[in-house]
Amino acid sequence: MDDPRSRIVKRAARELTDGMNINLGIGLPTLLAEHAEGLNGVMLQSENGLLGIGPYPQAGQESADLINAGKETVTTVAGASFFDSADSFAMIRGGHIDLAILGGMEVSEQGDLANWMVPGKMVKGMGGAMDLVNGAKRVVVMMEHVNRSGESKVKQQCTLPLTGTRVVHRLITDLAVFDFPPQGGMVLIELQNGITLEQVQQQTEAGYTMRDALPV
Amino acid sequence: MRGVAGKVLSSFADAVADVVAGASLVVGGFGLCGIPEKSIAALRESGVGDLTVVSNNCGVDDFGLGILLANRQIKRMVSSYVGENKIFEAQYLSGELEVELVPQGTLAERLRAGGAGIPGFYTATGVGTPIAEGKETREFDGRSYLLERALTADFALVKAWRGDRLGNLVYRDTARNFNPLAAMAGAVTIAEVEELVEVGELDPNEIHTPGIFVQRILEGTGYEKRIERVVLAGAGAR
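Quick look at the structure, then. (Residues numbered from 1 in each chain as written. Chains lettered and ligands numbered in written order. Predicted model: local features only at pLDDT ≥ 70, side-chain atom pairs only at ≥ 80, totals over all residues. Heavy atoms only, no water.)

Judged by nonpolar contacts, the single largest core of 36 residues is most densely connected at V19(B), L25(B), L43(B), V53(B), L65(B), M77(B) and F88(B). Among the elements that take part in this core, helix 3 (residues 37-46) of chain B stands out by supplying 3 residues, more than any other. Leaving out residues up to four positions away in the same chain, F88(B) has contacts with M122(A), C58(B), L69(B), M77(B), V82(B), L97(B) and V99(B). L51(A), I92(A), F178(A) and M186(A) belong to the second largest nonpolar core, which has 32 residues in total. (Core = buried A, V, L, I, M, F, W, Y, C linked by side-chain atoms within 4.5 Å. Buried < 20%, exposed > 50% of the residue type's maximum accessible area, 1.4 Å probe, protein only. Helix = DSSP H or I, 4+ residues; strand = E, 2+ residues; numbered from the N terminus. Contact = heavy atoms within 4.5 Å.)

Here it is in structure tokens:
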């Protein structure tokens, strides 16, 4: 159970609280949907036009007209609503979504996020990510701390094209949790279970300060 | 009844007959959900080329807008996400296909603005990113915003669940998505429906797109309504 990805998911689950309207991005954040089902009054938003995503359908109940933003068949919860894409992004851009949780490719010490484009590879598009990071009340990024070659994805400056500048409120990796306070800079607020400060220091390119009483 | 007779057509070939080479189209749908599959098939049959197509996605290789790509009918595509299509990738990389990527919410609002007679609007979406290049930036209350221009098109292709002979439309579930916005942004909007009903049968309280936005309406039969990713309970997330 304690692989890096499930560690990230387990910690990110604590960001969800009762009553929130939440947009979960594709990839790692999707794994939080099950957790949301156990909370009171949480509504999951899908930017293709649904507030109140339910579980995946039973065999035979799937409908071509009812999908999530990842184009997967879904159901609705009681109290759900459907709307067009302009209303959907009015919710997002207008600050009505309490929390957006997205995957990331790089996060900088200023809270910049890159998650849509790798130069030299086919550009697939940003979808709704640029709207979400600028519009949601709170933006949390879930990503592995280093890439497959062992290079830090937590950077002084993002090297990939940006999704948004100074948009991340909290970054959750398999090693640690960082906050980006309004006055600027990046603050280490937690170490993941079994991770030492030394490990975080070695694997983080970005500059950061530490919260006074860092729980160990 | 005034205007009724003129809107209903019986053939998709007739409905798209005046879509000429070089025309611009805005096409509803999200992924393969809520796409006007009959009108797209009719365009494939007409073979008209050099099209500019505004649509959130571009179908898959053998369905939806993908069939127009495969037949080399699209010159320029305006979308937010096009990752599901290998033919798209090949034509883009060879330079045959022009692509403008637009953030999804900005795309929706550009269409809404186009249909609503608003020439442009400011949004924080995209500030400091590659899509801000060449766009006016303006500060409001200490925050930066980009000027985005409205989008309209010669034709709109939309798909609804039910519609009446005046072009009033009702969509089903998440198949609504970009369709109402496309209907507003098209100079000539061609709506296809699964069920065409008589005027007065739809409850006015429940109409999503008023018929004023629709110039042509047709009932399609034998909808494929392909599902891109069937995921069932117990299968777990991807």
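In this section: the interface of chain B and chain A. Taken together, the contact between chain B and chain A spans 53 residues of the former and 46 residues of the latter. Joining chain B to chain A, the criterion identifies 2 salt bridges. K225(B) serves as the salt-bridge partner of D65(A), at 2.7 Å between the closest nitrogen and oxygen. Summed over the shared surface of chain B and chain A, the result is 23 residue pairs in polar contact (both at pLDDT 80 or more). Those elements that place two or more of their residues in the side of chain B that touches chain A are helix 5 (86-93), helix 6 (104-116) and helix 7 (179-185) of chain B. With 6 residues, the top contributor of residues to the side of chain B that touches chain A is helix 6 of chain B. Considered class by class, the residues forming the side of chain B that touches chain A number 24 nonpolar, 15 polar and 14 charged. (Salt bridge = Lys/Arg side-chain N within 4 Å of Asp/Glu carboxyl O. Polar contact = N/O pair within 3.5 Å; in protein donor to acceptor, adjacent residues only side chain to side chain. Nonpolar A, V, L, I, M, F, W, Y, C, P; charged D, E, K, R; others polar.)

Look at any regular strand and the pattern is simple: side chains alternate between the two faces of the sheet. Residue and element names in this part refer to chain B. Here strand 5 (residues 120-123) runs beside strand 7 (residues 143-149); their pairing, made up of 4 bridges, is antiparallel. In the strand pairing of strand 7, T123 is matched with L146. As defined by bridge partners, strand 6 (residues 137-140) adjoins strand 7 across 4 bridges and the pair is classed as antiparallel. The residue of strand 7 that forms the bridge with E139 is S144. (Pairing = 2+ DSSP bridges.)

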